[in-house]
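# Per-entry structural report
Below are the chains, spelled out letter by letter.
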Amino acid sequence: MNPDDLHALFQRQHAASRAQPHVPLSLRRERLQRLGRLLQEHAPVLAAAVQADFGMRSPLLTEVADFFVLRAQLAHTLKHLERWSRPSKVSTPLFLQPARAWIERQPLGVVGVISPWNYPVQLALAPAMSALAAGNRVLLKPSELTPHTSAQLARLVRQFFDPEEFAVLQGDAAMAAQLAELPLDHLVFTGSTAVGRKVAQAAAAHLTPTTLELGGKSPCIVDVDCDLQDAALKIAHGKLLNAGQTCIAPDYLLLPRGSEAAFAQAYQAAVVRLFPYFQGHPDYASIISMRHLQRLRGLLQQAQAMGAQLLPMQPTAGSPEPEQSLGDGRARQMTPVLVLGANLQMQLMQEEIFGPVLPVLSYDQLDEAIAHINAGPRPLALYWFGRSTSRRDEVLRRTVSGGVTVNDTLMHIAHDNLPFGGVGDSGWGAYHGEQGYLRFCHQKSVLAQSRLGLGHLLYPPYGPRFQRVMGLLRRLL
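Cut-offs and rules
- Residues numbered from 1 in each chain as written.
- Predicted model: local features only at pLDDT ≥ 70, side-chain atom pairs only at ≥ 80, totals over all residues.
- Heavy atoms only, no water.
- Pairing = 2+ DSSP bridges.
- Helix = DSSP H or I, 4+ residues; strand = E, 2+ residues; numbered from the N terminus.
- Axes fitted to C-alpha atoms, helices over the stretch in contact; angles between N-to-C directions.
- Contact = heavy atoms within 4.5 Å.
- Buried < 20%, exposed > 50% of the residue type's maximum accessible area, 1.4 Å probe, protein only.

### With respect to the sheet that holds strand 1 (residues 88-90)
Read across the sheet, 3 strands follow the order 1-2-18 without closing on themselves; strand pairing throughout is antiparallel. Every other strand in the sheet has two partners, leaving strand 1 and strand 18 (441-448) as the edge strands with one partner each. Taking the axes of each pair of neighbouring strands and ignoring which way they run, one obtains an average angle of 25 degrees across the sheet. As paired strands, strand 1 and strand 2 (residues 100-107) are joined by 3 bridges and run antiparallel to one another. The partner of S88 across the bridge, within strand 2, is I103.

### Some points on the sheet that holds strand 4 (residues 137-141)
In spatial order, the strands read 5-4-3-6-7-16; together these 6 strands make up an open sheet with mixed pairing. Unpaired on one side and paired on the other, strand 5 (166-168) and strand 16 (427-428) mark the two borders of the sheet. Bridge count between strand 7 (residues 210-213) and strand 16: 2 bridges; the pairing is antiparallel. Bridge pairing in strand 16 links E213 to G427. Across the sheet, helix 4 (residues 122-133) lies against strand 3 (110-114), strand 4, strand 5 and strand 6 (186-190), angled at about 170 degrees from strand 4, the strand it touches most.

### So, unusual backbone geometry
Phi is mostly negative for residues that are not glycine, and the peptide bonds are mostly trans. With an omega dihedral of 10 degrees, the bond running from Q97 to P98 counts as a cis peptide bond. Within the secondary structure, P98 is located in the loop between strand 1 and strand 2. The omega torsion of the bond from P460 to P461 falls at 10 degrees, within 30 degrees of zero and hence cis. If you check the backbone angles, A243 has positive phi at about 55 degrees while not being a glycine. A relative accessible area of 1% means that A243 is categorised as buried. Unlike most non-glycine residues, N407 shows phi in positive territory, near 60 degrees. Taking the relative accessible area as the measure of exposure, N407 reaches 29% and is therefore partly exposed.

And the structure:
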């Protein structure tokens, strides 16, 4: 698609949205049901495309990480859509009575979505689903790093939707930049903080409101009274799902000093319980490209040169024959590594890792762990493991993050009634559930004046009568 085609498609959606500012509930529900049929009928094709893009990422992993989340969101949205769509009555202050007031929820118009490669179906269709539920038109630009998935999304969306309703744009980063420069009614971007800044700058030219789902260094605090075996298994799952290529994966561990060896042993046992071998394991995803893999190896080499101890996890079973891999996917299945003795001067402690590498920082007092978190940009997620509710509450009170899971990892994103989003450098705005619906609505204030309204008492000329009225109002406020 060239820039002229993109502008023509945007103009079609823009004109359609202005011609139909009120989108009936029945039509919005029917669009969601079409999206549901797309997933139901073509999930195997999409899973195969994801596998082809990654090289090694089993359809079962895509089922749990992409499709299950989308199906749950769709069911929740359809169940509550009628209630979310109703006008919301508000009370009217005494000095405006007997007028009535309410808030109407209207679609914004055309919503752009720029989605990433790590969960290429879920993170493309989840914001699109919320936008469609609110009655918007959607222009979706998936990642160029997952070309097979992007091509299938384009084909299937074209099969189930008119381009004036929902369209997929294929292209490279230049196409994403062109989308961000359009006078959209809202723009959703999921990706790195650095690119998020550029997206926000492009959108600002048209005062386009944005939802930025970014990343950052999400900390995981292990408390002194924690069950290390249980914590290690849950941390390993959160870290190694999709080989660590998850925006809310635990990025680094804050561990009580003296428990490093015990945790390393528990983590090793947890990793091999989940993945007895790495290369050739269908459920252990490949790193998306050799460039990304070389970056991760470079982070480890620098950390080791600066004195860190690298503990590669040792498999307990042999790998299957190489022909089970797709392309060079087997070669890109990176062995998980625990990094002891990490420090803040290392590059892996200065940028989001996005891979199966877990650095460990040791702390003596909880204050020290909290101070470290607060010294950096606010993270997208925070995890805490322990038994003490008072120390848990202290961490919650004294830190700010996009979301928190206590005594587990990742799971807050799966709760349909919890908004998902970042804060500060990890993003702004949130979607999922009703919060996502409202994110893509204009909440229009309406006041219906009564024939018995007394607003004329506040009209000029401002003489003695006005002063008496204002005196009465001051006493009533």
